[in-house]
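# Architecture at a glance
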Number of protein chains: 2
Amino acid sequence: MMDLSELGEQGLIERIRRRIGRKSQDIVVGIGDDACAVKAYSALLTLITTDAFVEGNHFDLSYFSFKEVGMKAMAASISDVAAMGGVPRYCVVSLLSPPTISVADVDGILDGIEESCDEYGVELVGGDAVGSKSLAISVTVIGEVETENIALRSGAKPGDSIFVTGDLGASEAGRLVLSRGLDLDEDVRAYIVKRHSSPIPRVKESRELVRNQGIHSMIDISDGLAIDAGHIAQESGVKLVIAVESLPICPQVHTVAGASSATALDMALFGGEDFELLFTAAGLDLKEVGSTPITKLGQVEEGSGVFLVSADGTESPLLPEGFKHF
Amino acid sequence: MMDLSELGEQGLIERIRRRIGRKSQDIVVGIGDDACAVKAYSALLTLITTDAFVEGNHFDLSYFSFKEVGMKAMAASISDVAAMGGVPRYCVVSLLSPPTISVADVDGILDGIEESCDEYGVELVGGDAVGSKSLAISVTVIGEVETENIALRSGAKPGDSIFVTGDLGASEAGRLVLSRGLDLDEDVRAYIVKRHSSPIPRVKESRELVRNQGIHSMIDISDGLAIDAGHIAQESGVKLVIAVESLPICPQVHTVAGASSATALDMALFGGEDFELLFTAAGLDLKEVGSTPITKLGQVEEGSGVFLVSADGTESPLLPEGFKHF
């Protein structure tokens, strides 16, 4: 089986170039020159975001397929564009890889990147491939958003309600199942593992929220609700008060909690990579966007920090703890 | 001395945010939200390019300072934008690093990135920082170019002359000196090492060439003259004929060759990372751009491949060999 050192960098680029067709008329120069060139539109802001996805830190090849690695490497940056209210358009990818990786495995990674691109309307327009001790993928996504629709962390106002899309804790629960091999019903296991390995950035939901729902602030939950709610509080100069009993904890997270030493609440508050959207808006009564449920978590007040309110009304600070990258 | 694991990802982002001021009015949202947002201009194409710079592959910390690592990580992508005829505007950087790296060393890398940004008018608008076994930096640069000024690899035409900026072989010679500790005069050593550790992307020269000199095709020499000339030949469907005696070999490369087993010609033909511009144009008689010398190397003919012509007129194929990343 051919490995990457035999294929070589140029061989890899040719391989990618052959399989990735140029679809958008906005791509003037695609893969194969020194840079890609795409059309710009003065009415739109360009969004730029980058995320690295590193073996041994974000993923473990003992339980991630190469295709899942490719898909998940894309998720964080696509979700970041969604968190700004934008449409992801283009991506460039740096593949850092041991030279002994097989070409079939590289194809697996490309399969994942391509599937993610197709799913979210993103086009791969360039990249780099270099040798490295361990596998890592750095993805930069370029998106667009109308000036009037951009959603920032800094826009929350006292009086806003706080909302979240989908549910919480599933990615962290899936990570626990994968890394600890918990004893679970196969359906639960398959479901929750997929939530970790193939999270769904909320691109369509984001566009509905910024275009038609007049939201004030937004962030995606990549580092965990506690940390990301803290970002909105800090950047907006406000206090966020979240009701514990309102949290839409994913039902299967309770099952995982029962089979492990973790609590469902901890997974929902501190687990990263759910990629749900956390947003605030005034006077909004929204139960779903498309088929994605929307849950009201609490309200924005004058002050600072994030606080949890329990069923008996006790308020306690929610400290910004979550997954540490170092 | 504090290391990165104590500072943490958020601490690092805050540190970067404090030191990097937002300078351009075109940056609507800078570092600190989910993505940056910059203004777009319909009259300009957006250029996107990414390059990874990996310890043990592109550099060795035994002879690179952290500041040099930061600067050089930027060079390849800035040079790629220059190779398209564009102006580099923004960059995002992923820092993959062992958690034990000291904050002082991270500051060194940031110093290098910042110096490079200042030198070439680029603004750091975002990034990511994650733990990794070895140090790697992935840089994406976003640039702009007028549609009529874009320079491609595919534009060379039979009858064009072939030109190169500056001189050749210096980066490879510097790499040899650093990795093999050759015995050299201190002035030569300092000069040639700097050519490897702090190469100069030809941004200003590129702009003059595309705006005022009517060039037909362009590439930057990142993988070596042999490989990069081959890209122009292949993408343009032409044959490039280069006269050996015309090659502007950096004088100090001859000195390094004398102290090693490498030949100056090999370093000039196959050494990567010179970041000079190789371009073709018809009826152009150009000796310099600003203070940068321009040398005519040969001519474009009907056919395919790259050929070297020796002083006695013998033509031999120049095979696409150079630095292998895997």
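Residues numbered from 1 in each chain as written. Chains lettered and ligands numbered in written order. Predicted model: local features only at pLDDT ≥ 70, side-chain atom pairs only at ≥ 80, totals over all residues. Heavy atoms only, no water.

The name an unreviewed UniProt entry gives chain A is Thiamine-monophosphate kinase, with candidate division TA06 bacterium as the organism. The UniProt entry for chain A carries the following text under Function (unreviewed entry): "Catalyzes the ATP-dependent phosphorylation of thiamine-monophosphate (TMP) to form thiamine-pyrophosphate (TPP), the active form of vitamin B1." (UniProt positions renumbered as here; feature names shortened; annotations may be inferred.)

We now examine the pattern of salt bridges. Residue and element names in this part refer to chain B. Within the structure shown, the criterion is met by 34 salt bridges over all chains. A salt bridge links D167 to R195, with the nearest nitrogen and oxygen atoms 2.6 Å apart. With D167 in the loop between β7 (161-165) and α4 (170-180) and R195 in helix α5 (residues 186-197), this pair connects stretches of sequence that are 28 residues apart. R195 is the salt-bridge partner of E276, the closest N and O atoms lying 3.9 Å from each other. One end of the pair, E276, is in the loop between α9 (264-270) and β10 (277-281); the other, R195, is in helix α5, with 81 residues separating them in the sequence. (Salt bridge = Lys/Arg side-chain N within 4 Å of Asp/Glu carboxyl O. Helix = DSSP H or I, 4+ residues; strand = E, 2+ residues; numbered from the N terminus.)

As a further point, take helix α6 (residues 203-212) of chain B. Those residues of α6 of chain B not exposed but buried are V203, E205, S206, R207, L209 and V210 of chain B. Looking one or two residues past α6 of chain B, G214 of chain B carries a phi angle of roughly 55 degrees, positive in sign. (Buried < 20%, exposed > 50% of the residue type's maximum accessible area, 1.4 Å probe, protein only.)

Let us look at the nonpolar core. By size, the foremost hydrophobic cluster in this structure holds 82 residues, and its most contacted members are C91, I192, L225, L240, I242, V253 and L278 of chain A. The next biggest cluster of nonpolar side chains, apart from the first, holds 81 residues, and it includes I101, V139, I162 and M267 of chain B. (Core = buried A, V, L, I, M, F, W, Y, C linked by side-chain atoms within 4.5 Å.)

Turning our attention to the interface of chain A and chain B. At the junction of the two partners, chain A supplies 66 residues and chain B supplies 66 residues. The junction of chain A with chain B conceals about 5200 Å² of combined surface from both sides, 59% of it contributed by carbon and sulfur atoms. Taken together, the links from chain A to chain B amount to 5 salt bridges. Residue E235 of chain A is joined to R17 of chain B by a salt bridge in which the shortest nitrogen-to-oxygen separation is 2.9 Å. Put simply, chain A and chain B have 22 residue pairs in polar contact (both at pLDDT 80 or more) between them. In terms of residue count, strand β3 (residues 44-54) of chain A provides more of the side of chain A that touches chain B than any other element does, 10 residues in total. Within the side of chain A that touches chain B, the residues separate by chemical class into 32 nonpolar, 21 polar and 13 charged. Alignment of β3 of chain A against strand β2 (residues 36-39) of chain B, held across 4 bridges, turns out to be antiparallel. (Contact = heavy atoms within 4.5 Å. Buried area = accessible area lost by both parts, 1.4 Å probe. Polar contact = N/O pair within 3.5 Å; in protein donor to acceptor, adjacent residues only side chain to side chain. Nonpolar A, V, L, I, M, F, W, Y, C, P; charged D, E, K, R; others polar. Pairing = 2+ DSSP bridges.)

Here we come to the relation of the copies chain A and chain B. Between chain A and chain B, which share one sequence, the superposing operator has a rotation angle of 180 degrees and an axial displacement of 0.0 Å; the RMSD is 0.0 Å. What the superposition gives is, in effect, a two-fold axis relating one chain to the other. In terms of C-alpha distance to the rotation axis, chain A has S42 of chain A as its closest residue, with the C-alpha 2.5 Å off the axis. By residue overlap, the copies meet face to face through one surface: 100% of the interface positions of chain A are interface positions in chain B. (Least-squares fit on C-alpha atoms with pLDDT ≥ 70 in both.)

All names here are of chain A. Partitioning chain A into domains gives domain 1 (4-148) and domain 2 (153-317). Relative placement of domain 1 and domain 2: their C-alpha centres are 27 Å apart. Between domain 1 and domain 2, the residue contacts involve 19 residues of the former and 20 residues of the latter. Note on domain 1 versus domain 2: buried area summed over both sides is about 1700 Å², and carbon and sulfur give 59% of it. Among the residues domain 1 hides against domain 2, the three largest losses belong to Y63, K72 and Y120. Together they make up 30% of the total. At the boundary of domain 1 and domain 2, one finds 2 salt bridges. Notably, a salt bridge pairs E146 with R207, separated by 2.6 Å at the nearest N-O pair. Those elements giving two or more residues to the side of domain 1 that touches domain 2 turn out to be α2 (66-83), β4 (87-97) and β6 (136-146). Per element, the largest residue contribution to the side of domain 1 that touches domain 2 is 9 residues, and it comes from α2. (Domains from an automatic or database assignment.)

Here the focus is the packing of helix α1 (residues 4-19) of chain A against helix α3 (residues 103-120) of chain A. All names here are of chain A. Their axes nearest at 11 Å, the elements α1 and α3 cross at an angle of 30 degrees. It follows that α1 is roughly parallel to α3 by the angle criterion. Helix-helix and strand crossings are classified by hand; for α1 and α3 the assignment is right-handed. Contacts between α1 and α3 involve L4, L7, L12, R15, I16 and R19 on the former and, on the latter, V103, V106, D107, L110, D111 and E114. Grouping the amino acids of the contact of α1 with α3 by side-chain chemistry returns 7 nonpolar, no polar and 5 charged. (Axes fitted to C-alpha atoms, helices over the stretch in contact; angles between N-to-C directions. Parallel < 35°, antiparallel > 145°, perpendicular 65-115°, else oblique. Left-handed = near helix turned anticlockwise from the far one by under 90°.)

This part covers the sheet that holds strand β3 (residues 44-54) of chain B. Ordered in space as β1(A)-β2(A)-β3(B)-β6(B)-β4(B)-β5(B), the 6 strands form an open sheet in which the pairing is mixed. The open sheet has two free edges, formed respectively by β1 (27-29) of chain A together with β5 (123-131) of chain B, since each of these has just one partner strand. Within the sheet, the average angular offset between the axes of one strand and its neighbour, ignoring direction, is 20 degrees. Pairing between β3 of chain B and strand β6 (residues 136-146) of chain B: 11 bridges, direction antiparallel. When the sheet's bridge partners are listed, V54 of chain B is paired in β6 of chain B with A136 of chain B. With respect to the sheet, helix α2 (residues 66-83) of chain B is in contact with β3, β4 (87-97) and β6 of chain B, its orientation differing from that of β3 of chain B by roughly 145 degrees.

Feature annotation in UniProt assigns "binding site: Mg(2+) 4" (unreviewed entry) to the following positions: D34, T49 and D80 of chain A. The greatest C-alpha distance among the residues just named is 26.3 Å, and with 47 residues of sequence between them they are spread in space as well. Take T49 of chain A: it is sitting in strand β3. With sequence-adjacent residues up to four places away left out, T49 of chain A is seen in contact with S77, D80, V81, V139, T140 and V141 of chain A together with D34 and A35 of chain B. A distance of 3.1 Å separates a polar atom in the side chain of T49 of chain A from a polar atom in the side chain of D80 of chain A. Among the structural elements, D80 of chain A can be located in helix α2. If we skip the residues at most four places from it in the chain, D80 of chain A touches T49, D51 and D220 of chain A together with D34 and A35 of chain B.

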